[in-house]
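Below are the chains, spelled out letter by letter.
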Amino acid sequence: MEKVRICAAGDKAVSVVFGSVINKEINGRVRALKNALLSLKVDGITEMVITYAALAVHFEPALIRRKDLIAKIEAVLPEITAAETKAGQVKEIPVLYGGEAGPDLSDCAAKEGKTEEEIIRIHTSHEHYIYMLGFSPGHPYSARDEEPFSFGRRETPRVRIPERSVVVQRNLTNITPFSQPCGWQVIGSTPLDITDYRRSEPFLFEAGDRLKFKAIDRAEYDRIREKEEKRRQAEKESVEAIFGGGLGDGPAGGCGDSSADLEILSPGLMTTVQDDGRYGYQT
């Protein structure tokens, strides 16, 4: 077992690194440390972000000094074991495979020397463990231990793929919460909203959850999607009734006057507009 390292990550965070490999035991220890620090209710910790093999602990220097935070972390580390970590939930994810929803499915089948039905069978037969959320808010990085595919990423990434796309490579599966760039193989789409800031819990998943994918047809996809849209509309109207004004229609929503205060004419590749952040929702 590698020695745990605590590294500075800017002036308001430390990274507690448990190892240099990806496996469920190390990730379980990362999750266990987060749970231990939550139970301590350390004044000054603003957020904790789980990664494959490390925990980023963000803090407010005006409330706790870095050395005092590190001392608290070091005090609980000897008690941290993956076995003590509570198992995450098993969540069934309906997926419409192939066709327009999964344009890479046929290519993936050809690369594996299998039929499309065999690729779907492999993908739906095994649970996928979520190691972390990242890349975009609520975006799950999951993997299965059984029957890995041999293919990796696409040779040419796509500039944009639709929200809720189910993308794969090797033994890994991600689901895109938003329309975004991606170099992975798109094999399907789920009708479920992965991230929606109008929900009390915006993210559908958290690290430690396990995904069980289920193949559905277009009629079932449309039925679930209609139900999701009705839920979003009801939550939108509920928030508008409280705060007034209009809300945007996307997953991120919005509050207040629906008139535009800022119009983006031509965004740069890495142009962002940021506020002070929303503690508790970093990925």
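What you see is a predicted model, and the numbers here were worked out from it, not measured in a lab.

## Focus: the sheet that holds strand β4 (residues 54–59)
Logical step 1: Across the sheet, four strands lie side by side as β1-β2-β4-β3; this open sheet has antiparallel pairing. Of all the strands in the sheet, just β1 (5–8) and β3 (45–50) have a single pairing partner and so form its edges. The sheet shows a mean angle of 20° between the axes of neighbouring strands, direction not considered.
Logical step 2: Together, β2 (13–17), β3 and β4 form the strand contacts of helix α1 (residues 24–40), whose direction differs from that of β3 by roughly 165°.
Logical step 3: Helix-sheet contacts for helix α2 (residues 66–76) involve β1, β2, β3 and β4, and the interaxial angle to β2 is about 25°.

## A closer look at a nonpolar patch on the surface
Logical step 1: A contiguous nonpolar patch, built from Leu262, Ile264 and Val273 and spanning about 330 Å² of accessible area, is present on the exposed surface.
Logical step 2: With respect to the helices and strands, Val273 occurs in the segment after α5 (218–243).
Logical step 3: What makes Val273 exposed here is its relative accessible area of 66%.

## Considerations on the nonpolar core
Logical step 1: Grouped together as the largest cluster of nonpolar side chains are 28 residues, with contacts concentrated most on Ile93, Tyr97, Ile175, Ile187, Phe205, Leu211 and Phe213.
Logical step 2: Elements that contribute at least two residues to this core include exactly β5 (90–97), α3 (105–112), α4 (116–125), β6 (128–133), β9 (165–169), β13 (210–215) and α5.
Logical step 3: A total of four residues in this core trace back to one element, the largest contributor, which is β5.
Logical step 4: Ignoring any residue separated from it by four or fewer positions in sequence, one finds Ile187 in contact with Leu96, Tyr97, Gly98, Ala101, Gly102, Leu105, Cys108, His123, Val166 and Val168.
Logical step 5: By size, the runner-up hydrophobic cluster in this structure holds 25 residues, among which are Leu33, Leu37, Ala53 and Ile80.

## Looking at α5
Logical step 1: The end-to-end C-alpha distance of α5 is 37 Å, a good match for the 38 Å that 26 residues give at a rise of 1.5 Å each.
Logical step 2: Taken together, the buried positions of α5 are Tyr221, Ile224, Arg225, Glu228, Arg231, Arg232, Lys236 and Val239.
Logical step 3: Looking at the buried side of α5, the elements it contacts are β5 and β12 (185–189).

## What about the packing of α3 against α4?
Logical step 1: Contact geometry for α3 and α4: axes closest at 8 Å, N-to-C directions at 90°. Comparing their axes, α4 and α3 come out roughly perpendicular. Between α3 and α4, the residues in contact are Leu105, Ser106, Cys108, Ala109 and Glu112 and Glu116, Ile119 and Ile120, respectively.
Logical step 2: Counted by class, the contact of α3 with α4 contains five nonpolar, one polar and two charged residues.

## Some points on the sheet that holds β12
Logical step 1: What the seven strands build is a closed barrel, ordered β5-β12-β9-β10-β7-β6-β13; its pairing is mixed. Taking the axes of each pair of neighbouring strands and ignoring which way they run, one obtains an average angle of 40° across the sheet.
Logical step 2: Note: β9 against β12, four bridges, orientation antiparallel. Looking across to β12, one finds that Val168 is bridged to Gln185.
Logical step 3: Sitting on the sheet, α3 touches β5 and β12, and the angle it makes with β12 is about 125°.

Thresholds, definitions, all that
Residues numbered from 1 in each chain as written. Predicted model: local features only at pLDDT ≥ 70, side-chain atom pairs only at ≥ 80, totals over all residues. Heavy atoms only, no water. Pairing = 2+ DSSP bridges. Helix = DSSP H or I, 4+ residues; strand = E, 2+ residues; numbered from the N terminus. Axes fitted to C-alpha atoms, helices over the stretch in contact; angles between N-to-C directions. Contact = heavy atoms within 4.5 Å. Patch = residues over 30% accessible without salt bridge, like charges linked within 9 Å, V, L, I, M, F, W, Y side chains within 5 Å. Areas by Shrake-Rupley, 256 points an atom, 1.4 Å probe, with all protein chains shown as cover. Salt bridge = Lys/Arg side-chain N within 4 Å of Asp/Glu carboxyl O. Buried < 20%, exposed > 50% of the residue type's maximum accessible area, 1.4 Å probe, protein only. Core = buried A, V, L, I, M, F, W, Y, C linked by side-chain atoms within 4.5 Å. Expected span 1.5 Å × (residues − 1). Parallel < 35°, antiparallel > 145°, perpendicular 65-115°, else oblique. Nonpolar A, V, L, I, M, F, W, Y, C, P; charged D, E, K, R; others polar.

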